[in-house]
Amino acid sequence: MNAPRIALVTGANQGLGRAFVEGLAARMRPDDLVLLTGRSRQRVADAAAEVAQLPGTRSRIQGRVLDVTETEAIEALAGELQSQYGGVDVVISNAVARVLPEESQSVRADEFIDVSNTATHTILRSFGPLLRPGGRLLVVASSLGTLGHLDARLHHLFDGASLDQVEYAVESWRSAIHQRTAEEAGWPRWLNVPSKVAQVAAVRAVAAERRAHDLATGTLIASVCPGMVDTATSRPWFSDYSQAQSPSEAAQAVLDLAFAEHVDPALYGELIRFGNALPWYDGTPPVEQDRILTP
């Protein structure tokens with residue numbers, strides 16, 4: 001008899017994260033376990049209870065309070081899962097800090113970077129070693145995560161970088177924001193661009209070290225772009241929602257990756273959108289006056 005599979009989703013009590021949990025719970029076996037995490041104890045408990053009652057749910061559901069800005073909390077959860085289950089099978093890193101167009105990007109920088117980048121680094125370090133053969137570790141990013149969206153002066157910070165080097169670049173960016181030297185160094189005012197590039201670069205760094213072993217065991221580490229999604233986080237940034245997907249629709253392509261029988265070497269370590277790898281060097285720096293949230 002196969003051992004129960006363990007899946008974890010961060011930022012999962014609403015929107016796209018909630019859709020990931022619902023999709024995992026519908027596709028996994030009755031003995032499998034899906035961990036739904038978020039910062040609010042009540043919202044996590046309510047969401048877990050609601051998903052458990054859905055007609056399509058097959059697996060077990062547990063809600064766990066997890067603030068991804070607390071590095072020790074991520075590490076503690078990884079240690080718990082290692083001790084209790086011996087590893088994990090699916091990790092979807094989805095937490096995001098909501099920023100409104102009218103808010104100051106620099107004022108919100110610390111929270112945004114902590115949630116999107118520092119947490120990503122910790123999840124990669126903590127859960128990468130826990131992945132069982134055939135496992136999946138997917139970091140939700142966006143098509144803005146390709147290197148070409150950054151000023152060419154910054155490319156060397158992320159291209160071919162190790163995870164430590166990506167982390168150093170992110171902290172240098174954070175310092176430049178506080179010192180008000182970021183723009184003259186080439187960093188865009190809009191936080192989402194360097195943050196997404198750094199997320200994808202962090203995934204690429206970890207994947208480069210593990211590629212041969214993971215491909216031999218059918219394991220996938222990648223970043224994913226779900227496309228345009230109608231959520232409370234993204235809605236303030238869009239003027240046209242005619243092409244937007246619902247969270248459940250957007251989750252399907254990502255879940256297909258999680259349950260794919262084989263790993264395509266061309267997708268390993270890459271930024272994947274709708275089953276295709278986006279070229280790392282593509283993109284152009286966006287115009288600051290036109291800060292549209294690109295899917």
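See the structure above.
So, how was this worked out
- Residues numbered from 1 in each chain as written.
- Predicted model: local features only at pLDDT ≥ 70, side-chain atom pairs only at ≥ 80, totals over all residues.
- Heavy atoms only, no water.
- Helix = DSSP H or I, 4+ residues; strand = E, 2+ residues; numbered from the N terminus.
- Expected span 1.5 Å × (residues − 1).
- Buried < 20%, exposed > 50% of the residue type's maximum accessible area, 1.4 Å probe, protein only.
- Salt bridge = Lys/Arg side-chain N within 4 Å of Asp/Glu carboxyl O.
- Pairing = 2+ DSSP bridges.
- Axes fitted to C-alpha atoms, helices over the stretch in contact; angles between N-to-C directions.
- Contact = heavy atoms within 4.5 Å.

Trainee: Explain helix 1 (residues 15-27) to me, please; I cannot follow it from the model alone.
Mentor: Every α-helix winds through 3.6 residues per turn, so residues three or four apart in the chain are directed the same way. The terminal C-alpha atoms of helix 1 lie 19 Å apart, and with 13 residues this matches the ideal 18 Å at 1.5 Å per residue to within 8%. Along helix 1, the residues that are buried comprise L16, G17, R18, A19, F20, V21, G23, L24 and A25.

Trainee: Please clarify how the pattern of salt bridges should be interpreted in this entry.
Mentor: A side chain with one charge can pair with a side chain of the opposite charge if their charged atoms come near. Under the definition given, this model contains 17 salt bridges. Across the pair E50 and R18 runs a salt bridge, and its minimum N-O distance is 2.9 Å. Here E50 is found in helix 2 (residues 41-52), whereas its partner R18 is found in helix 1, with 32 residues between them in sequence. On the basis of relative accessible area, E50 is assigned to the partly exposed category, the value being 42%. E167 is paired through a salt bridge with R125; the nearest N and O atoms lie 3.2 Å apart. Placement of E167 in helix 5 (residues 163-179) and of R125 in helix 4 (residues 109-127) is noted, with a sequence separation of 42 residues between them. Of the residues examined, E167 reaches a relative accessible area of 25% and is grouped as partly exposed. Taken together, the shared-partner salt bridges in this structure form one network comprising D110, D114, E171 and R174.

Trainee: Just checking my understanding: could you explain the sheet that holds strand 5 (residues 131-140) for this structure?
Mentor: The pairing of strands in a sheet comes from backbone hydrogen bonds and takes either a parallel or an antiparallel form. Strand order in this open sheet of eight strands is 3-2-1-4-5-6-7-8, and the pairing throughout is mixed. Strands with a single pairing partner mark the edges of an open sheet, and in this sheet they are strand 3 (60-65) and strand 8 (276-278). Averaged over neighbouring strand pairs, the angle between their axes works out to 25 degrees when direction is ignored. Of the pairings in the sheet, the one linking strand 6 (residues 220-225) to strand 7 (residues 271-273) comprises three bridges and is parallel in character. When the sheet's bridge partners are listed, V224 is paired in strand 7 with I272. Of the strands in this sheet, strand 1 (6-9), strand 2 (33-38), strand 3, strand 4 (88-93) and strand 5 touch helix 1, which is tilted by about 165 degrees from strand 1.

Taken by themselves, the reported measurements are silent on function.
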